[in-house]
Amino acid sequence: MQTLTITKPDDFHLHLRDGVALASIVNHTAAQFARAIVMPNLKPPVVNTEMALAYRDRILKCVDEKYNFEPLMTLYLTDNTSAEVVKVAAESGVVKALKYYPAGATTNSDQGVTDIRKTAVALEAMMGKGLPLLVHGEVTDHDVDVFDREAVFIDRVLAPLVQDFPDLKIVFEHITTHAAVDFVLQSGGKVAATITPQHMLLNRNDLFKGGLQPHHYCLPVLKAETDRLAILDAATSGNPKFFLGTDSAPHARNTKETSCGCAGIYSAYAAIEMYVEAFDKASKLDRLEAFSSRYGADYYGLPHNEEQITLIKQTQTIPATLPLGDNELVPFRAGGTCSWQLKN
Ligand code: DOR
Ligand code: ZN
């Protein structure tokens, strides 16, 4: 039987939520990943170091003692984030980045940035401290086609931002298009990108296969097959600018299977296995470990993990549902299979 042993990976983009939802899901991630960059889009959002420290404690209380899991905290950038907030964050050693949500772009982004130029003071301070800016790269204008929102964001916002702040570390999160891959490749070493399993494995036809598929709806939305192939190529290219970030985002089943459903795909249950399957299908398994366990850590200036995990090429069935507090969620590929399995 084929096996693969790699340095324990890190997830550089994860939604853990809070309260009973957090308690229900965090150990799926802790079983596979040593560290995760935890998104700050709670209600209310995590806007300062004090809130991040308290949230970190709540996360750690829910982690099973058999795991050595380290949450890497982020702050939610707003129009009002001050240089002082950035300074305290950088000096905490616990906050590793700030997240830029264009206001209205996605789940809990209503307090996000209305115009990136309003955040210049914070960006200057981040540049000085070497704190990365994590970007949800989509314009929100309703006259822009939903499939073009990432490409338009590059032209209108990201390219000028990189020009104005050349020394700012920027992670273009969950990239979905050929245009985004090209932009990252053409940019200097400060610009990197995370890639999700769904954007490597699915295209927009999967939103409509046999009927509307709400559990395949995430933001940025799935794109065309040509885009998926560009994302797959980037992830498996061995270029250190591209690294693992699941964007795993749990939502209760009834908030997705409804007349106006939420965006988010919950992949954390078998995330590393889904990536291994994608790399295996592309005959690039030899490139997996660097993508999952080295490039992201190097970008963030973190040591490589010492623990290892082993994966077995053996079909596993993904549960139809998983508990989420008093509710349930429907995970990525629910009721289907994955061709790899994490060995416990
Ligand atoms: O699909 C998504 N879900 N995209 C995001 O940007 C946010 C996330 C969430 O928090 O549910
Ligand atoms: Zn996200």
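Everything discussed here concerns the structure shown above.
Bear in mind the structure is a predicted one, so any value in this text is a computation, not a measurement. (Residues numbered from 1 in each chain as written. Chains lettered and ligands numbered in written order. Predicted model: local features only at pLDDT ≥ 70, side-chain atom pairs only at ≥ 80, totals over all residues. Heavy atoms only, no water.)

(A) The state of the cysteines, seen in detail. Scanning the entire structure with this criterion turns up zero disulfides. Cys218 carries a free sulfur, and the closest cysteine sulfur to it, the one in Cys262, is 13 Å from it. Since its relative accessible area comes to 2%, Cys218 is described here as buried. We note that Cys262 lacks a disulfide partner, and the nearest cysteine sulfur, in Cys260, lies 7.9 Å from it. For Cys262, a relative accessible area of 25% puts it in the partly exposed group. (Disulfide = S-S within 2.5 Å. Buried < 20%, exposed > 50% of the residue type's maximum accessible area, 1.4 Å probe, protein only.)

(B) Looking closely at the layout of surface pockets. Considering only enclosed or pocket space, the largest pocket measures out at about 400 Å³ in volume. Taken together, 20 residues line the largest pocket, and the ones lying closest to its centre are Tyr100, Asp115, Ile116, Arg156 and Val157. The leading source of residues in the lining of the largest pocket is helix H5 (residues 149-164), at six residues. Here the residues of the lining of the largest pocket are counted per class, giving 12 nonpolar, two polar and six charged. (1 Å grid on protein atoms, 1.4 Å probe; cavity = no way out; pocket = protein on both sides within 12 Å on 5 of 7 lines; lining within 4 Å. Points joined across faces, edges and corners; volume = space filled by probe spheres on them. Helix = DSSP H or I, 4+ residues; strand = E, 2+ residues; numbered from the N terminus. Nonpolar A, V, L, I, M, F, W, Y, C, P; charged D, E, K, R; others polar.)

(C) Up close: the environment of Asp79. The residue Asp79 is located in the loop between strand E4 (70-76) and helix H3 (83-92) in this model. Judged by relative accessible area, Asp79 falls into the partly exposed class, the value being 21%. Between the C-alpha atoms of Asp79 and Arg253, which are 174 residues apart in sequence, the distance is 33 Å. Not counting chain neighbours up to four residues away, the residues in contact with Asp79 comprise Gly112, Val113, Thr114, Asp115, Lys118 and Thr119. At 2.5 Å, the side chain of Asp79 and the side chain of Thr114 are in polar contact. (Contact = heavy atoms within 4.5 Å. Polar contact = N/O pair within 3.5 Å; in protein donor to acceptor, adjacent residues only side chain to side chain.)

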